[in-house]
Protein chains: 6
Amino acid sequence: MASVNRIKEAWASGRPAFGFWSAIPDSFAIELVAGLDLDYVCVDGQHGVVDYASMVSMFRTIKFAGAAPLVRVAQNEPWLLMGALDAGALGVIVPMVNSAAEAARAVSACRFPPQGARSYGPIRASSVVGSKDPKALADEVLCIVQIETREGLENVEEIAATPGLDGIYIGPADLALSMGLPLDLGDGKSEHGEAIGRIREACRRNDVAVGLHGTSGASAREYAEQGYSMVNVGVDYLLLTAAVRQEVQEARGGRT
Amino acid sequence: MASVNRIKEAWASGRPAFGFWSAIPDSFAIELVAGLDLDYVCVDGQHGVVDYASMVSMFRTIKFAGAAPLVRVAQNEPWLLMGALDAGALGVIVPMVNSAAEAARAVSACRFPPQGARSYGPIRASSVVGSKDPKALADEVLCIVQIETREGLENVEEIAATPGLDGIYIGPADLALSMGLPLDLGDGKSEHGEAIGRIREACRRNDVAVGLHGTSGASAREYAEQGYSMVNVGVDYLLLTAAVRQEVQEARGGRT
Amino acid sequence: MASVNRIKEAWASGRPAFGFWSAIPDSFAIELVAGLDLDYVCVDGQHGVVDYASMVSMFRTIKFAGAAPLVRVAQNEPWLLMGALDAGALGVIVPMVNSAAEAARAVSACRFPPQGARSYGPIRASSVVGSKDPKALADEVLCIVQIETREGLENVEEIAATPGLDGIYIGPADLALSMGLPLDLGDGKSEHGEAIGRIREACRRNDVAVGLHGTSGASAREYAEQGYSMVNVGVDYLLLTAAVRQEVQEARGGRT
Amino acid sequence: MASVNRIKEAWASGRPAFGFWSAIPDSFAIELVAGLDLDYVCVDGQHGVVDYASMVSMFRTIKFAGAAPLVRVAQNEPWLLMGALDAGALGVIVPMVNSAAEAARAVSACRFPPQGARSYGPIRASSVVGSKDPKALADEVLCIVQIETREGLENVEEIAATPGLDGIYIGPADLALSMGLPLDLGDGKSEHGEAIGRIREACRRNDVAVGLHGTSGASAREYAEQGYSMVNVGVDYLLLTAAVRQEVQEARGGRT
Amino acid sequence: MASVNRIKEAWASGRPAFGFWSAIPDSFAIELVAGLDLDYVCVDGQHGVVDYASMVSMFRTIKFAGAAPLVRVAQNEPWLLMGALDAGALGVIVPMVNSAAEAARAVSACRFPPQGARSYGPIRASSVVGSKDPKALADEVLCIVQIETREGLENVEEIAATPGLDGIYIGPADLALSMGLPLDLGDGKSEHGEAIGRIREACRRNDVAVGLHGTSGASAREYAEQGYSMVNVGVDYLLLTAAVRQEVQEARGGRT
Amino acid sequence: MASVNRIKEAWASGRPAFGFWSAIPDSFAIELVAGLDLDYVCVDGQHGVVDYASMVSMFRTIKFAGAAPLVRVAQNEPWLLMGALDAGALGVIVPMVNSAAEAARAVSACRFPPQGARSYGPIRASSVVGSKDPKALADEVLCIVQIETREGLENVEEIAATPGLDGIYIGPADLALSMGLPLDLGDGKSEHGEAIGRIREACRRNDVAVGLHGTSGASAREYAEQGYSMVNVGVDYLLLTAAVRQEVQEARGGRT
């Protein structure tokens, strides 16, 4: 059966999901973008400057434009996950998950009893999914956790094996910091690259999706070729800033 | 004496002013951009989707980031000009000005008596300018009108000669439509190009600034070299959309 | 060719368009409603308490839910019409139009040159319509004026004959007040009913649509049977208030 | 002494409190409704799409319209309760309370020392209550917890006996899910009905209020007759949607 | 019969109305203030930074706190007056009125036919006034115009005699600018003082109220003693700024 | 090296930092105030009525006006601290910290690994600080905890000794309530005064800053002379309300 979640459709077809990261709390800014052949747009509720009211409007806009609305929640608090899912997010990315217990907590917030402890009240979700049935609602929703600390890395096998978990999204910057490495890591053929590879393999063994956060189409393509199933092609304010910087430079003197 | 208006500083130094066009009603979106060596950022109150509350916040943000905040008002209504100037805009671009009388109406809304009929109440403007004096307040503010119809073109000499007018900003798309030409005009060596040249020359004769709306750094540079004193290097949502489209294409298969 | 405007599709099939009136400035409130087999939802920018930012979000929401977003503008000012159309409204209802000149002013704000004087900048409209072409954009947009004064009534033939006008929407309450009649008019077989009939006939003669504002499904059905082509089935805050009043009464003692 | 909290007045007179549930984040939508002889309006901060800024405005509006503003908080986090009470809510409904310890946590957030650990700063509450005195402020505020899981059901006696607790509000949908029952339960003469009855009796034994969530005036009346002291007569978006659906059906062909 | 408009009650008792000027677009900021024994609070829609959505919320808040909500509109445009009145303002102050025709235009926007041309749709006004009757609605609303230019001064007799006008509010700063005088005028025993006196006398002769804008309680008292019937005791952002400046000075070294 | 944080500059010069407390969620209200020679403005995210979107705008405004933006978070939750710091706050004040473990939790949210567990994503912070380097970012940020309960008082030595803690801010009202004392404490030469002195001395011994919350310039001066390094000169809504009350009294009869 067809899913309303374009990520699930991509995965069902054996394709990786290409996504976009949104930190600008404005629905017009994301509206045209979300229609550009993206599988998902993730609203950054952690490091973006996005309030809840904007988030609700953005979920609506992203879905109607054709992509699956995801949210990276600020913290692994059940109400933050449930509030986003009720409002129409088709998946959550939960930062700083360091253990199987924490992963199970995230899963529980996404699933209704008996699989989880999500409270029932799908105020926008039911029209997004087209059903009021708890199982149907939960089935469309992805629960993805981030491994981005040394502690999480050590527990990666147990985390990846958490029942009901859909995937792991690797946060390379926080992982580097947590490992005592510089933020900018060059070619990845390092301790950092090995850590990332270890997470990827744990996901494969446990048959859950694995994503790696990049900020360009080129890195997204590279990651997709390496087998990552969720890859990010850009971040709104970074792309906008880079584009303006380039235009100003051209205007003021060109590409010498 | 130094001006708080970076456009005026550029002009005083014999340089063109490079600017940016903002249609996304969000202060974070414009904040980083406005600091990228731009002389001004113009909030599009006509064709953008920007409400007044967002506009006020954007004026504040743009100014603090270093650029002069301008606004293209929706229509040549005195209260729209005055409300933007009170809120800290350092200039107005007034669309669809077709006669000297209309240009005078715009000027009047920007200047206090006896030069004009602006009502006194510079609620944010006084701290932006650093003065409560009517003359000082008005001196920092640019009144720029758009010629973008056949009728305006015919009256260009009288418009350019309007006392107190600071400049004319050419709207090429509307001008083309008004002249019965297609929107996309190719090399400009046409009837459309002649019309634009005629406006430019009228501005020079009357010693007022002349701007030409472009949407890229390359066109801005070209226009600057042609003697335009206000040139636009980009439009927020167009640059963002183009950048995302390119990243998606790279991610999904590259520039073959 | 199919239209993106469900009103135009209804009319092309010889059916009346059924609509809804929205005065609550909230996109969630209108989201579920707009999907309930309505041809259009009209955001009341005149007597509602809807600001521009809410309006833009509501246009987006209404369209995606399946209905055509209309707006009743506050006044026959070109920038109010143009700002709504740029933001994705597929039609305007212009209140208090009393003469052919005023009707022509409204039409002009909806059409690009040479048919009108609308300024080009379809920031959301181009994606709603799926085209950047001025003619395609204008063709999807309905320009409807309200006759609701004695003066308008007297000029109904000339108004109805205005080139480019799509229809006349009758405002019965204001028309009654203007005629010196009470607001609540009973069976309509009165001077008021004759006035309404006169407008309806003028529309038929000039082959433009005619709408009559009602506030219930029953009146909408009745008007549709009488040949009105735009009929309103309800107003958000009136329906909500009536429903709550009834539930409270039932709770506190029932319908005795 | 008279209370500013209409629920407390009803209870002091031996009457049940009739209330309304609000999930639309708009003050105009709730303004007229809140004046329709309702004892309280509960803003749904859990399953509604209501942000904090809207909530504050809604508390103000509801109180002035005559009803007591309550909030169902998203989660049993002290700051969520305290932030709503400071902003003028006259009671909290705390979801998913499963033990006496959890109930005590909720109570503690509603009472100042030594009864609880609420931090002092009644920024709007002091004018709502008409006093800055901690005891007076706390006395006007209701602390109500929801029992809506199997675990909560098992601990109902201990929960009901929590010192300082004002009542228990039964969430029938979540309770059903938690018990492995379908959401729609028919006549209530089931395991589900027995569970509800068990909660009701525990409340009576411990002399705390008991509420049961319904969505119609008819169910509210029935529950009131059964002895429930807090009954809900409707939910804003459900009533609005149902009303529009009915009007559209009448308009398009009637109730055949 | 009692009025819901506290200004009208004051005047009916032969007392002047004391008011406050609000330019901060926030309902909490005005909420406590509006309850401090003020007859009215005027939201500054001209020189404040107040958008329409904030204005509606402020009207609600001010009225419930006990004062009459007024608005100084941005310009003498019918829809700006009508939109504020529909939303619950109990009076308008219209700036820059220079002739009897302009005054009549303002009056017309405040009165329903046959006295005026206000369109009927009192969405919030009907509950504020407690009536849906056009006459009752209009009777509670004050139409006040500002004379603040030399031209207005010359036409003061005709303006004051405009049928349906409730009063004239003198804008001393703009009047000074228009007369070529400095903004800060000292003791008022000047050409400026004579102009003000001339307006005051014209109001008395025509039996309409006369207000004079001041920014302190002391000036308000003085003006009240001189017979002004509307006097302003302060402006929000000026009082706040002055208070903070004083506290900082005390903190950093005291009043030496 | 110079700091972007004016509090740190004051302390580096051996001067106390003078600050202001902001509970009105509006950037215009704080804009002029923040430029009045204040070292910091603290947005009250606990007892104010400030939502996250307003907070972000206020941080921007305060910083550009010259003061350091701080936030008192609602609760010691990592994501609340991290979200404010990412958005440009240059310090957090964390309420109700009762133990060294709780203090360490707050510190950890302010520092990146290995000193803490703050997640990396300084979306606005990097431009505020002028660096993307984790250490530089963390160095500009103050982590201050509040001791305001009897339990916190008992643990004051351990709290003050928390590695990475910058200071302790004393909340006198909550401390009094927690000690069973009245809110209004007179001359401070009481059990309450001794408790405050005990906290102050613990801070000195541990070489961390100590602040005491007052609401006037006079108290701020007194506290500064007593050696407090963070002193508050006023609270926005209290100063505004007091100022209006005084003006109304003067207007209505003067200071008799």
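As the structure is a computational prediction, the values presented were derived from the model and not from experiment.

A word on the overall build of chain A. Across its full length, chain A holds 13 helices and eight strands. Scaling as 2.2 N^0.38, a compact globule of 256 residues should have a C-alpha radius of gyration of about 18 Å, and chain A matches this with 18 Å. The dimensions of chain A, computed from C-alpha atoms along their principal axes, are 65 × 40 × 35 Å. Considering chain A as a whole, with its 256 residues, one finds that 67% of them fall into the buried category. Here chain A has roughly 8500 Å² of accessible surface; of this, 51% comes from carbon and sulfur atoms. Looking at chain A, you have 22 positive and 31 negative side-chain charges, and the mean spots of the two groups are 4 Å apart.

Bringing the relation of the copies chain A and chain B into the picture now. For the pair chain A and chain B, the best superposition has an RMSD of 0.0 Å and corresponds to a rotation of 180° with a translation of 0.0 Å parallel to the axis. Taken together, the rotation and translation relating the two chain copies correspond to the operation of a two-fold axis. For chain A, the smallest separation between a C-alpha atom and the rotation axis is recorded for A:Leu240, amounting to 2.6 Å. Of all interface residues in chain A, 100% are interface residues in chain B too; the two copies therefore contact each other through one and the same surface.

Right, let's talk about the interface of chain D and chain E for a bit. Taken together, the eleven residues of chain D in the interface contact eleven residues of chain E. Carbon and sulfur atoms make up 58% of the surface buried where chain D meets chain E, a total of about 1100 Å² over both sides. When the buried area of chain D at its contact with chain E is split by residue, D:Glu31, D:Arg60 and D:Phe64 rank highest and sum to 49% of it. Linking chain D with chain E are four salt bridges. Between E:Arg60 and D:Glu31 there is a salt bridge, with the nearest N and O atoms lying 3.1 Å from each other. Counting across the chain D and chain E interface gives four residue pairs in polar contact (both at pLDDT 80 or more). If you list the elements that add at least two residues to the side of chain D that touches chain E, you get α2 (27-34) and α3 (52-65) of chain D.

All right, on to the sheet that holds strand β1 (residues 17-22) of chain A then. Residue and element names in this part refer to chain A. Taking strand neighbours around the barrel as the criterion, the eight strands line up as β1-β2-β3-β4-β5-β6-β7-β8 in a closed arrangement whose pairing is parallel. The sheet shows a mean angle of 25° between the axes of neighbouring strands, taken without regard to direction. Packing of helix α12 (residues 217-225) onto the sheet brings it into contact with β1, β7 (209-212) and β8 (230-235), and relative to β8 it is tilted by some 175°. The sheet strands contacting helix α13 (residues 236-252) are β1 and β8, and the helix crosses β8 at an angle near 40°.

All names here are of chain E. Running from N to C, helix α2 (residues 27-34) and helix α3 (residues 52-65) cross one another at 20°; their axes reach a closest spacing of 9 Å. By the angle class used here, α2 and α3 are roughly parallel. The two elements α2 and α3 meet at a crossing, and its hand is right-handed. In contact with Ser27, Ile30, Glu31 and Ala34 of α2, α3 contributes Ser54, Ser57, Met58, Thr61, Ile62 and Ala65.

Once that is clear, we can look at the sheet that holds strand β3 (residues 68-72) of chain D. Whether parallel or antiparallel, the strands of a sheet pair through hydrogen bonds between backbone atoms. All names here are of chain D. Ordered in space as β1-β2-β3-β4-β5-β6-β7-β8, the eight strands form a closed barrel in which the pairing is parallel. Geometrically, the sheet is characterised by an average inter-axis angle of 25° between neighbouring strands, direction not taken into account. Docked against the sheet, α3 engages β1 (17-22), β2 (40-44) and β3, running at close to 150° with respect to β3. Relative to the sheet, helix α5 (residues 100-110) contacts β4 (91-94) and β5 (142-147), its axis offset from that of β5 by approximately 160°.

Quick look at the packing of helix α4 (residues 78-86) of chain D against α5(D) now. Residue and element names in this part refer to chain D. Across the interface, α4 lies against α5 with an axial gap of 9 Å and an inter-helix angle of 35°. For the pair α4 and α5, the sense of crossing is right-handed. Along its contact with α4, which presents Pro78, Leu81, Met82 and Leu85, the element α5 presents Arg105, Ala106, Ala109 and Cys110.

Attention shifts here to α3(D). Each full turn of the α-helix corresponds to 3.6 residues, which orients residues three or four apart in the same direction. Residue and element names in this part refer to chain D. Under the 1.5 Å per step criterion, the end-to-end length of α3 is 20 Å for 14 residues, consistent within 8% with the ideal 20 Å. Considered for burial, the residues of α3 that qualify are Ser54, Met55, Val56, Ser57, Met58, Phe59, Arg60, Thr61 and Ile62. Once α3 ends, the next one or two residues include Gly66, with phi positive near 120°.

The next subject is the relation of the copies chain D and chain E. Mapping chain D onto chain E is achieved by rotating through 180° and translating by 0.0 Å along the same axis, at an RMSD of 0.0 Å. Most of the interface of chain D is mirrored in chain E, where 100% of its interface residues again form contacts.

Moving on to the pairing of β3(D). Residue and element names in this part refer to chain D. The buried count for β3 comes to five of five residues, which makes it a mostly enclosed element. Side chains of β3 alternate between two faces, with Ala68, Leu70 and Arg72 and Pro69 and Val71 buried alike. In the sheet, β2 pairs with β3 via five bridges, with the strands oriented parallel. Counted as the bridge partner of Val41 is Pro69 from β3. With α3 bridging β2 and the parallel β3, this β-α-β connection has right-handed handedness.

This brings us to the environment of D:Gly211. Its place among the elements puts D:Gly211 in strand β7 (residues 209-212). Aside from chain neighbours lying at most four places away, what touches D:Gly211 is D:Ile168, D:Tyr169, D:Ile170, D:Tyr228 and D:Met230.

So, about the packing of aromatic side chains. The final tally for this structure, using the stated rule, is 33 aromatic pairs over all chains. With centroids separated by 5.9 Å and ring planes inclined at 65°, the aromatic side chains of C:Tyr223 and C:Tyr228 adopt a geometry described as edge-to-face. The class for C:Tyr228 is buried, based on a relative accessible area of 1%. For the pair E:Trp21 and E:Tyr169, a centre-to-centre distance of 5.6 Å together with 10° between the ring planes defines the contact as stacked. Placement of E:Trp21 in strand β1 (residues 17-22) and of E:Tyr169 in strand β6 (residues 167-170) is noted, with a sequence separation of 148 residues between them. Accessibility assignment for this pair places E:Trp21 and E:Tyr169 in one class, buried.

Here the focus is the side chain of A:Arg200. Residue position: A:Arg200 is located in helix α11 (residues 191-206). For A:Arg200, the residues in contact, after removing those within four places along its chain, are A:Val210, A:Gln226 and A:Tyr228.

Before going further, it helps to examine the environment of E:Ser13. You can see E:Ser13 is positioned in the loop between α1 (6-12) and β1. Sequence separation of E:Ser13 and E:Gln146 is 133 residues, and the distance between their C-alpha atoms is 24 Å.

On to the environment of A:Asn5, then. All names here are of chain A. Position of Asn5 relative to the elements: it lies in the segment before α1 (6-12). On the basis of relative accessible area, Asn5 is assigned to the buried category, the value being 0%. Remark: the alpha-carbon pair of Asn5 and Gly88, spanning 83 residues in sequence, is separated by 11 Å. If sequence neighbours within four positions are ignored, Asn5 has contacts with Ala68, Leu90, Glu140 and Leu142. Within the structure, the side chain of Asn5 is placed 3.0 Å from the backbone oxygen of Glu140, a separation counted as a polar contact.

Here we take up the interface of chain A and chain B. Facing the 37 residues of chain A at the interface are 37 residues of chain B. Carbon and sulfur atoms supply 71% of the area that chain A and chain B bury against each other, a total of about 3200 Å² over both sides. Its largest share of buried area at the contact with chain B, chain A owes to A:Leu36, A:Leu240 and A:Arg252, together 19% of the area lost on that side. If you look at where chain A meets chain B, you find four salt bridges. Note that A:Asp37 is salt-bridged to B:Arg252, the shortest N-O span being 3.2 Å. Counting the contacts that link chain A with chain B gives eight residue pairs in polar contact (both at pLDDT 80 or more).

Thresholds, definitions, all that
Residues numbered from 1 in each chain as written. Chains lettered and ligands numbered in written order. Predicted model: local features only at pLDDT ≥ 70, side-chain atom pairs only at ≥ 80, totals over all residues. Heavy atoms only, no water. Helix = DSSP H or I, 4+ residues; strand = E, 2+ residues; numbered from the N terminus. Rg over C-alpha atoms; globule rule 2.2 N^0.38 Å. Buried < 20%, exposed > 50% of the residue type's maximum accessible area, 1.4 Å probe, protein only. Areas by Shrake-Rupley, 256 points an atom, 1.4 Å probe, with all protein chains shown as cover. Lys, Arg positive; Asp, Glu negative; His and termini not counted. Charge placed at Lys NZ, Arg CZ, Asp CG, Glu CD. Least-squares fit on C-alpha atoms with pLDDT ≥ 70 in both. Contact = heavy atoms within 4.5 Å. Buried area = accessible area lost by both parts, 1.4 Å probe. Salt bridge = Lys/Arg side-chain N within 4 Å of Asp/Glu carboxyl O. Polar contact = N/O pair within 3.5 Å; in protein donor to acceptor, adjacent residues only side chain to side chain. Pairing = 2+ DSSP bridges. Axes fitted to C-alpha atoms, helices over the stretch in contact; angles between N-to-C directions. Parallel < 35°, antiparallel > 145°, perpendicular 65-115°, else oblique. Left-handed = near helix turned anticlockwise from the far one by under 90°. Expected span 1.5 Å × (residues − 1). Right-handed = clockwise from strand over helix to strand, strands pointing away. Phe/Tyr/Trp six-rings, centres within 6.5 Å; stacked < 30°, edge-to-face > 60°.

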